[in-house]
Amino acid sequence: MDKLAMKLLAEWSYDRAPLHRGYTRKYLVVDLGDGDGKYSHTIHDIDEDMIDTFTGGRGFGLKILWDAVSPAGRWDSPENALVISGGPICGITQYPGTGKTYTVFLSPLTEQTYNSNAGGYFGPYLKASGFDALAVTGKSPEYVVVSIDGDEGKVRVYAAPTDERNAYAVTEALHQAFAKNEDDLVSVSVVTAGRGAEHSWWGALNVSFYDPRRKVARLKQAGRGGGGTVLRDKGILALVVRKSGFTGSENDPADLATLQKVGTKLHREIRNNDDVQSLMRTTGTTHLNKIMNDYDILPVNNYKYGRSDAIGAITPEEYKKLFTQGYADGCWYGCSMACAKTVDGFELRTGPDRGKKVTVDGPEYETAAGLGPNVGVFDPRWTIESNYYADHYALDTISLGTGLAFVCECYELGLITKEHTGGLELRFGAADQLMELIHRMVDGRDEFALAVGKGIRKMKDIFARRYGADRAVMEKIGMEGQGLEVSQYRCQESVAQWGGYFLTLKGPQHDEAWVIFMDMVNKQLPTFEDKAEALFYFPNFRLWFSLVGVCKLPWNDVEPEDNRIRYKGIEAAKVPEHVQNYLDIYEAVTGKPLSEEDMILQSERVYNYERIFNYRMGKGTRKEHTIPDRALGPVFPDEWNVRKDYFEKKLEEAGIRGDGLSVEEKIARLQEHRRREWEKLVDAVYARRGWDRNGVPTKETVERLGLDSPEVLEVLEPYWKSAGRA
């Protein structure tokens, strides 16, 4: 692709707002019209009240999205906005993991708000170009490229200059097209999707950065929720930002010396402790798969089992052999955690790029689990190839893995057959057949592949209606919540993690709360009140990362050597020294002191605002917080029998006598018991979060958080009056 071949459709000039204390205090809206080719832009101020209420990043995204959509809006409405924002800390280079970008939109999968994050350079470059956030609304009648040139102060809309729409090809071509020369390739970042996102609701966003050593553009996935589907529904081939000369003081921080001091301390910890604590710098996050297997939480065959004897084929040692070693790989400048591992020179065996040698980013641990043991495949090279094509086609690897696992179990149960799958025998471990299904999901012409790409919730409808599949069985085994596929931990034996997945704002995603070890292994959450406290603190603490633009991994994947000596229980899990780091760097950037209590308050405010937002969109009540049987315990006798003694003991601990009962009856009794436990958990968590028994924030909670604006009261007051009458 040559930039001279690009047809300019619209162009606007702007005065670049300078960054000061982490903010530009401006956001850009590009409207693509209503299919009429009328492109426009507006630049909005961000005032102190918006900063105080929403902080930045995901908070800004939710506020901008709220203002863009009506309660009748849906994911494919022109008014739906794709909002990308970093946050005040995003873009510093002194502390590891500070290049995160958060994208907010109405999701095709969950039909409510969603947020998804990725590394790469887009967020920092967007800020340096003068905007704390970018929102794209409307729909273009043709595929377009929206670009922001921070050097020239220009926003442009181009006609898509190529028929190629898959991610690696588009990203590489646009880096070449927008860079002034080879040295300038690092000044460009691209957000794009792929052809799979045009037909699937698992559409992912790929955010790029240019790797000058490998001389390739690399991709980081904001995979979940269908952001790539929204991007392509708007007729956007890609978003491009270009900003040259980025420096470590670009945010104009209040206290650069403190940033350097705190950052140096964590760099030293990572250098000294990573090799013994988490192996991020050599194996990325794949080191977790063996730990998951050891504790029976690795998803195997659609979460039926928690471990496998075949784990030896996918251990960290095996991935270490495949990942290129010796490079300090990070997805943003200054990240010494360097977990962005790649497989270089990987020769593809299938698909349109067969025979081509490529650089593959990842797999990360959830891709390695989802496109691995969860579909019964224990071949890391197959996982790497499926990872490549998922990125290229822009299919969320986590949802893809969980969705394919559901398909495999449906096939093995006889709920679907070769007659339905277009001749594919989709059993667990059928690597070639599963790869063929992934390729068939690209162009939307294969009826079965099209149904799979709509996600498990929709598959249940289609399989029942079209193929006569047993709906009740699919409800038990379909691992989704609120329409979103479950992340790659098997949570059956942790009551708290049931809530960590299924009492979330957006569905069972790993980035809200991960409390399995506290609950299941370390026994630190014995009561429902303890579990509720953990499901209050950790979702709010983790949400804060999304407000300021930082990565979760440097928080607790490497800890101070004496953390477990100085602190015990949940306090140790909080890693207090690292929490203090975040308070210090927040103040060092913004100039505003922040206590831990204020940090949680910032998050709690946005957490509840998003809950209210979802209520406004017709969701956000207790009936959306459901959990499938498979997440609670065994569903079929083979699952019970593989850990017979364990489940017999669980039955006994529940006060249920198993004498004379068949395995099926024992399973039913255990499920009934755990259903009751689930309802107790829901009540306890809602109470701790300041919600009523229907899961709606109470008036007292809304007033305490300062969310009682007229627009919020308009949504909630009719409900409160109705609930009071009830």
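Scroll up a little and you will see the structure.
Let us look at the structure shown here. Along each chain, residues carry numbers from 1 onward, in the same order as the chain's sequence is written. pLDDT decides what is reported in this predicted model: residues at 70 or higher carry local features, side-chain atom pairs at 80 or more are listed and counted, and totals for whole chains, interfaces and linings draw on all residues regardless. Side-chain metrics rest on all non-hydrogen atoms present in the structure, leaving aside hydrogens and water.

## Topic: the overall build of the chain
Turning to step 1, where the next piece is worked out: Here a helix means four or more residues in a row that DSSP labels H or I, a strand means two or more in a row labelled E, and each is numbered from the N terminus. Summing up its helical and strand segments, the chain has 31 helices and 17 strands in all.
Turning to step 2, where the next piece is worked out: Its C-alpha atoms give the chain principal-axis dimensions of roughly 80 × 55 × 55 Å.
Turning to step 3, where the next piece is worked out: Each residue's exposure class comes from its accessible area (1.4 Å probe, protein chains only) as a fraction of the maximum for that residue type: buried when under 20%, exposed when over 50%, partly exposed otherwise. Each of the 726 residues in the chain was classed as buried or not, and the buried ones make up 63%.
Turning to step 4, where the next piece is worked out: The criterion used for residue contact is that any of the two residues' heavy atoms lie within 4.5 Å. Within the chain, residue pairs in contact and separated by at least 24 positions form 71% of the contacts whose partners lie at least 6 positions apart.
Turning to step 5, where the next piece is worked out: Throughout, the Shrake-Rupley method with a 1.4 Å probe supplies accessible areas, and for residues the shown protein chains are the sole cover considered. A total of about 25,000 Å² of accessible surface is found on the chain, and carbon and sulfur atoms cover 47% of it.

## Focus on the side chain of K460
Turning to step 1, where the next piece is worked out: Turning to its location among the elements, K460 is positioned in helix α16 (residues 456-467).
Turning to step 2, where the next piece is worked out: Classification of K460 by relative accessible area gives buried; the value is 2%.
Turning to step 3, where the next piece is worked out: With sequence-adjacent residues up to four places away left out, K460 is seen in contact with F406, R471, M474, E475 and E480.

## Concerning the pattern of salt bridges
Between side chains of opposite charge, a pair can form as their charged atoms come close.
Turning to step 1, where the next piece is worked out: Salt bridges, as used here, are contacts in which a Lys or Arg side-chain nitrogen is within 4 Å of a carboxyl oxygen on Asp or Glu. The full count for this structure, using the stated rule, is 68 salt bridges.
Turning to step 2, where the next piece is worked out: The salt bridge involving E385 is made with R349; its shortest N-O contact spans 3.9 Å. Taken together, the residues E385 in helix α11 (residues 380-393) and R349 in the loop between β14 (342-347) and β15 (357-361) connect sequence positions 36 residues apart.
Turning to step 3, where the next piece is worked out: Owing to a relative accessible area of 1%, E385 belongs among the buried residues under this scheme.
Turning to step 4, where the next piece is worked out: In this structure, the salt-bridge partner of D659 is R657, at a minimum N-O distance of 2.8 Å.
Turning to step 5, where the next piece is worked out: Among the charged side chains, a network of salt bridges with common partners joins D211, R213, R214, R218, D329, D344 and D361.

## Some words on the pairing of strand β12 (residues 216-222)
Turning to step 1, where the next piece is worked out: Of all 7 residues that make up β12, 5 are buried, and the element is covered over most of its length.
Turning to step 2, where the next piece is worked out: The pairing of strand β11 (residues 205-211) with β12 spans 7 bridges and is classified as antiparallel. Among the inter-strand pairings, V207 is bridged to a residue of β12, identified as K220.
Turning to step 3, where the next piece is worked out: The antiparallel hairpin formed by β11 and β12 contains 4 residues in its connecting segment, where K215 sits at a positive phi of about 60 degrees. If DSSP finds at least two bridges between two strands, the strands pair.

## Things to note about helix α2 (residues 58-68)
Turning to step 1, where the next piece is worked out: Among the 11 residues that make up α2, 9 are buried, leaving the element largely enclosed by the rest of the structure.
Turning to step 2, where the next piece is worked out: Those residues of α2 not exposed but buried are R58, G59, F60, G61, L62, K63, I64, L65 and W66.

## Looking at the sheet that holds strand β5 (residues 101-106)
Turning to step 1, where the next piece is worked out: Spatial ordering of the open sheet is given by β3-β2-β7-β4-β5-β6, a layout of 6 strands whose pairing is mixed. In this open sheet, the two strands that pair with only one neighbour each are β3 (40-45) and β6 (113-118). Shown here is a sheet whose adjacent strand axes are inclined to one another by a mean of 20 degrees, direction ignored.
Turning to step 2, where the next piece is worked out: Direction of pairing for strand β4 (residues 82-85) relative to β5: antiparallel, over a ladder of 3 bridges. Paired with I84 across the two strands is T103, which belongs to β5.
Turning to step 3, where the next piece is worked out: Against the sheet, α2 makes contact with β2 (26-34), β4, β5, β6 and β7 (133-139), and its axis sits at roughly 25 degrees relative to β5, the strand it touches most. The axes used here are C-alpha line fits, helices contributing only the stretch in contact, and every angle between their N-to-C directions lies in the interval 0 to 180 degrees.

## With respect to the sheet that holds strand β9 (residues 154-159)
Turning to step 1, where the next piece is worked out: Strand order in the open sheet made by the 7 strands is β1-β9-β8-β13-β10-β11-β12, with mixed pairing throughout. Looking at the sheet topology across the chains shown, the edges are occupied by β1 (8-13) and β12. On average, adjacent strands in this sheet sit at an angle of 20 degrees to one another, irrespective of strand direction.
Turning to step 2, where the next piece is worked out: One ladder, built from 5 bridges, connects β1 with β9; its direction is antiparallel. Opposite S13, over in β9, you have K154 as the bridge partner.

## Observations concerning the nonpolar core
Turning to step 1, where the next piece is worked out: As used in this record, nonpolar core signifies buried Ala, Val, Leu, Ile, Met, Phe, Trp, Tyr and Cys residues forming a set joined through side-chain atoms within 4.5 Å. L239, F463, W544 and Y582 are the most contacted members of the largest nonpolar core, which totals 215 residues.
Turning to step 2, where the next piece is worked out: Among the elements that line this core, the one with the most residues is helix α20 (residues 528-548), at 13 residues.
Turning to step 3, where the next piece is worked out: If we ignore the near neighbours within four places in the chain, the residues touching W544 are I89, Y582, Y586, L594, M599, Q602 and S603.
Turning to step 4, where the next piece is worked out: Judged by nonpolar contacts, the second largest core, of 16 residues, contains V170, F178, V188 and V190.

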